[in-house]
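Tertiary structure, described
Each chain, written out:
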There are 2 protein chains.
Amino acid sequence: MGKNILVAHGGGPTAVINCSLQGVVEAARASGQVDKIYAACFGAEGILAGDLIDLTDVPASTIARLGHTPASAIGSCRRKLGEADYPTVLETLKKFDIDCFFYNGGNDSMDTCSKVNELAKKEGLDVRVIGIPKTMDNDLDLTDHCPGFGSAARYAALSAAELALDASGLPIHVVVLELMGRNAGWVTAASALAGRLTDCQVLTYLPEVLVDEDKMLADIERAYARGKGLLVTVSEGICGLDGKPLADTGIVDGFGHTVPGGTAQHITDQIIQKLGLKSRAEKPGLLGRASIPYVSQVDREEAYAVGRFAVESALAGESGYMVAIDAVRKPAYSSSLSLVPLDKVANVEKKFPLEWIVDGNQIADGFFDYAMPLMGEDFPEYALLRR
Amino acid sequence: MGKNILVAHGGGPTAVINCSLQGVVEAARASGQVDKIYAACFGAEGILAGDLIDLTDVPASTIARLGHTPASAIGSCRRKLGEADYPTVLETLKKFDIDCFFYNGGNDSMDTCSKVNELAKKEGLDVRVIGIPKTMDNDLDLTDHCPGFGSAARYAALSAAELALDASGLPIHVVVLELMGRNAGWVTAASALAGRLTDCQVLTYLPEVLVDEDKMLADIERAYARGKGLLVTVSEGICGLDGKPLADTGIVDGFGHTVPGGTAQHITDQIIQKLGLKSRAEKPGLLGRASIPYVSQVDREEAYAVGRFAVESALAGESGYMVAIDAVRKPAYSSSLSLVPLDKVANVEKKFPLEWIVDGNQIADGFFDYAMPLMGEDFPEYALLRR
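Residues numbered from 1 in each chain as written. Chains lettered and ligands numbered in written order. Predicted model: local features only at pLDDT ≥ 70, side-chain atom pairs only at ≥ 80, totals over all residues. Heavy atoms only, no water.

1. Considerations on the packing of helix H9 (residues 213-225) of chain A against helix H10 (residues 263-275) of chain A
Residues and elements named next belong to chain A. This is how it is decided: Angles here are taken between N-to-C directions and fall from 0 to 180 degrees, while the axes themselves are lines fitted to C-alpha atoms, restricted in helices to the stretch in contact. For helices the rule is a DSSP run of H or I covering at least 4 residues; for strands it is a run of E covering at least 2, with both sets numbered from the N terminus onward. Any angle between 65 and 115 degrees counts as roughly perpendicular, while under 35 counts as roughly parallel, over 145 as roughly antiparallel, and the rest as oblique. Left-handed describes a crossing whose near helix is turned anticlockwise from the far helix through less than a right angle; right-handed describes the clockwise counterpart. We call two residues in contact whenever any of their non-hydrogen atoms come within 4.5 Å of each other. Residues were grouped as follows: Ala, Val, Leu, Ile, Met, Phe, Trp, Tyr, Cys and Pro as nonpolar; Asp, Glu, Lys and Arg as charged; and all remaining residues, including Gly, as polar.
At a closest axis distance of 11 Å, the pairing of H9 and H10 adopts a crossing angle of 70 degrees. Between H9 and H10, the angle falls in the class roughly perpendicular. The crossing of H9 and H10 is right-handed. Residues Glu213, Met216, Leu217, Ile220 and Glu221 of H9 form the contact with H10, whose participating residues are His266, Ile267, Gln270, Ile271, Lys274 and Leu275. Split by residue class, the contact of H9 with H10 holds six nonpolar, two polar and three charged.

This is the structure:
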């Protein structure tokens, strides 16, 4: 008798999370060892409610389209499972006779994975548990990088380059671009590539360094005065010298949390009021994790591969691991996959190396050596004819 | 002896303005009748300063890359020429011995074109003047549509669809998307396509209809309660029942104008405060006119064609016209080019038909019949597996 498998998504999606789902489904079908392929409808919520989607007979042509579908095709949620939830999770696994469980997510999801694995073992339930990494923030440990990061970085880099060309081709204002990444600057750092792809000046501010607003404004004024346009790129979560976010909406939500947002608009307001320059703020926000035309082909292929590898590993009898990506960059980029223990990954945050932040607003070559292969190798070469 | 030609950009760029420039240069080269190809460095500013870029010997491979370069490759400016400037314009035309002058822009630029044409005639200067249309706003009259609109519309439609999938795949908040178009809703209307490409509910608000904020919030509350996620798309310039913009930054710039902006953020704030729902605002802003990966192939080809046609028309002796696009949509889309008198186009604004706005927040089929062929025919078919 064949195996039954269950895959679930946790937390915010990436532009390639469905590529991993495609990899899971196609590897399961190719194995000849799988009877039923289930997906949790809206992540942990679906697991707790016993609401699974049966993907077993979904046409191959639909599964193939997953590679170009943004967000979570099976639904995700933000619910973090607590101790009290785990018995219900095990019940669902028993009810559907699940042999292999795949949880595709970030830090929290790997923690969940780890606990399900331990609990199942303790209760003598024969379920193999494998974590599939995913986060645009790139903050998972023990893997060279996370599926989803390359595409978010490519979005940040190319969008910033396009805005930079707009700013230098019609130099009437300072353009400020806000990018996602509340605590980690990995994605925003990629936007600094705009300074290398265009003739525009680019200043980049990451959440890893507290920002002296007066110095920031002085730097902006001096750079803009040189002419040729200026783009300022910022993480949504950058903080001032007092350690508090430069901006929030001032609104408290139903959960008692102050709603963040408006960092770029805040800086734009300061540029207008204090420097007397024109300025406008742009915030593509969630588009940075949802945009399909900017997807990195390398990221797409790796996201697919980690999904396949998870299934192949579980069917080979492995359990309690996350799939990790190991990468070689010289003489050319290549990557391979391995397994790392879930309990070593869970709840550890990989930090952006501070030595890659130069003078507070420039990004060092080291970052680009690391990140450019992940963004895909096909970078545009623009035709600039103006002086 | 061959002709000398001059091409200039006016106002804000589109994603395909450089395609028209490519068309101008390649048609001039192919004609065998052109000696010198000049471009005004930063538009009217370059013309007034006599600062022209000599494109005559720029390699063909660089010119070919224009088709994938956003913003203005030769530079543009917002300066509107006044009566006092025209003698200086004629001086530059004389100084560089210009036989054909091409101005690539929107309403204001066509007005400039028309005046240069009349003045040159009056002064006995043998200069042929042809306007090349360009505006993402699609508000030029006497042409079926404007180069630049199809790509801006495609950006709005596909970005909105991607955000809609994010909103329905992780339905934790109302997502509000702000799009460019202060007075004209053409581009924002295209975002309503998201409701047809995805499983998410979409409400769309254009500047052509005054918005009753209480009704808007009630509509948002009702739609969100139905589940499945909700995306609200708005023009940056929508106004309340009092005829005033729903939001501005409250900041007065150096020119005494109140700085617009923040419409989506304002609506998001209202949703959080008055409805107690989570919400976030996104504003890709200038990316809507600068993004190359979302360019419509139809738009790219037409933008190129109008540039070529302008040169061919001038070399054939025509002057005082703008290139217009005539389109047929049934049984299949095709377009052809013609010339319309500059003085009939200048300063006329093509309005979005009110009958295409249904119930204040839905867009009628008529608009999609009109606009979809311009956005390119290759629309994504997403794989949605969730219930």
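Now that the structure has been shown, the text picks up again.
2. Points about helix H1 (residues 17-31) of chain A
Residue and element names in this part refer to chain A. Filter applied, for reference: For a helix, the expected span equals 1.5 Å multiplied by the residue count minus one. Classification of residues uses two cut-offs on accessible area relative to the type maximum, computed with a 1.4 Å probe and protein chains only: under 20% is buried, over 50% is exposed, and between them is partly exposed.
The first and last C-alpha atoms of H1 sit 21 Å apart over 15 residues, in line with the 21 Å expected at 1.5 Å per residue. Counting buried positions over the 15 residues of H1 gives 11, a clear majority of the element. Taken residue by residue, H1 has Ile17, Asn18, Cys19, Ser20, Leu21, Gln22, Gly23, Val24, Val25, Ala27 and Ala28 as its buried positions. Buried residues along H1 sit in contact with strand E1 (3-9), strand E2 (34-40), helix H3 (60-65), strand E4 (100-105), strand E5 (128-133) and helix H12 (297-315). At the C-terminal side of H1, Gly32 shows a positive phi close to 70 degrees.

3. Re the interface of chain A and chain B
Formally: By convention in these notes, a salt bridge is any Lys or Arg side-chain nitrogen within 4 Å of a carboxyl oxygen on Asp or Glu. We define a polar contact as two N or O atoms separated by no more than 3.5 Å, with the added condition that, inside protein, one atom must be a possible hydrogen donor and the other a possible acceptor, whereas residues neighbouring each other in sequence contribute only through side-chain atom pairs.
Each side of the interface is counted separately: chain A has 72 residues, and chain B has 72 residues. Of the charged contacts in the structure, one is a salt bridge between Asp51 of chain A and Arg387 of chain B, with a shortest N-O distance of 2.2 Å. Taken together, the connections running from chain A to chain B amount to 30 residue pairs in polar contact (both at pLDDT 80 or more). If you list the elements that add at least two residues to the side of chain A that touches chain B, you get strand E3 (52-54), H3, helix H6 (149-169), strand E9 (248-252), H10, strand E11 (279-282) and helix H11 (287-290) of chain A. It is H6 of chain A that provides the largest number of residues to the side of chain A that touches chain B, a total of eight residues. Here the residues of the side of chain A that touches chain B are counted per class, giving 39 nonpolar, 17 polar and 16 charged.

4. Thoughts on the nonpolar core
Spelled out, the test is: By nonpolar core is meant a set of buried Ala, Val, Leu, Ile, Met, Phe, Trp, Tyr and Cys residues that side-chain atoms within 4.5 Å join together.
Phe149, Leu231 and Phe367 of chain A together with Phe149, Leu231 and Phe367 of chain B are the most contacted members of the largest nonpolar core, which totals 95 residues. Those residues in contact with Phe149 of chain B that lie beyond four places of it in its chain are Thr135, Met136, Asn138, Trp186, Val187, Asp299, Phe367, Tyr370, Ala371 and Leu374 of chain B.

5. Focus on the state of the cysteines
Condition: Whenever a pair of cysteine sulfur atoms sits within 2.5 Å, that pair is classed as a disulfide.
If you walk through the whole model with that rule in mind, you get zero disulfides over all chains. The thiol sulfur of Cys146 of chain B is not disulfide-bonded, and the nearest other cysteine sulfur, from Cys113 of chain B, lies at 14 Å.

6. Examining the confidence of the model for chain A
Here is the rule we go by: The predictor attaches a confidence to each residue, called pLDDT, with possible values from 0 through 100.
Scored by pLDDT, chain A comes out at a mean of 95, with 98% of its residues at no less than 70. Both confidence scores are given for the complex: pTM 0.97, ipTM 0.96.

7. A few points about the pattern of salt bridges
Evaluation of the coordinates by the stated rule reveals 37 salt bridges over all chains. Residue Arg154 of chain B is joined to Asp378 of chain B by a salt bridge in which the shortest nitrogen-to-oxygen separation is 3.4 Å. Placement of Arg154 of chain B in helix H6 (residues 149-169) and of Asp378 of chain B in the segment after helix H14 (365-371) is noted, with a sequence separation of 224 residues between them. Where Lys351 of chain B meets Glu349 of chain B, a salt bridge forms, and the shortest distance between an N and an O atom there is 3.2 Å. Classification of Lys351 of chain B by relative accessible area gives exposed; the value is 58%. Judged by relative accessible area, which is 33%, Glu349 of chain B ranks as partly exposed. The network of salt bridges with common partners includes Glu45, Arg79 and Asp85 of chain A.

8. Structural notes on the side chain of Thr112 of chain A
Residues and elements named next belong to chain A. Along the chain, the position of Thr112 falls in helix H5 (residues 107-122). Thr112 sits in the buried class, given a relative accessible area of 5%. Apart from residues lying up to four places away in sequence, Thr112 is in contact with Leu81, Tyr86 and Tyr103.

9. Re the relation of the copies chain A and chain B
Applied cut-off: The copies were overlaid by least squares, fitting only the C-alpha atoms of residues that reach a pLDDT of 70 or more in each copy.
The transformation that overlays chain A on chain B combines an axial shift of 0.0 Å with a rotation of 180 degrees, and the residual RMSD is 0.0 Å. The superposition operator between the copies reduces to a two-fold rotation axis. Residue Pro284 of chain A of chain A places its C-alpha closer to the rotation axis than any other residue of that unit, at 2.0 Å. When the interface residues of chain A are mapped onto chain B, 100% of them are again interface residues, pointing to one common binding face.

10. A word on the pairing of strand E12 (residues 321-328) of chain A
Residues and elements named next belong to chain A. Operational definition: Note on pairing: DSSP must find at least two bridges between two strands before they are called paired.
Bridging between E5 and E12 involves two bridges; their strand directions are parallel. Along E12, the bridge assignment pairs Gly131 with Met322. The sheet contact formed by E12 and strand E13 (residues 334-341) spans eight bridges and is antiparallel. Residue pairing across strands places Asp326 opposite Ser336, the latter belonging to E13. Two successive antiparallel strands, E12 and E13, enclose a turn made up of five residues.

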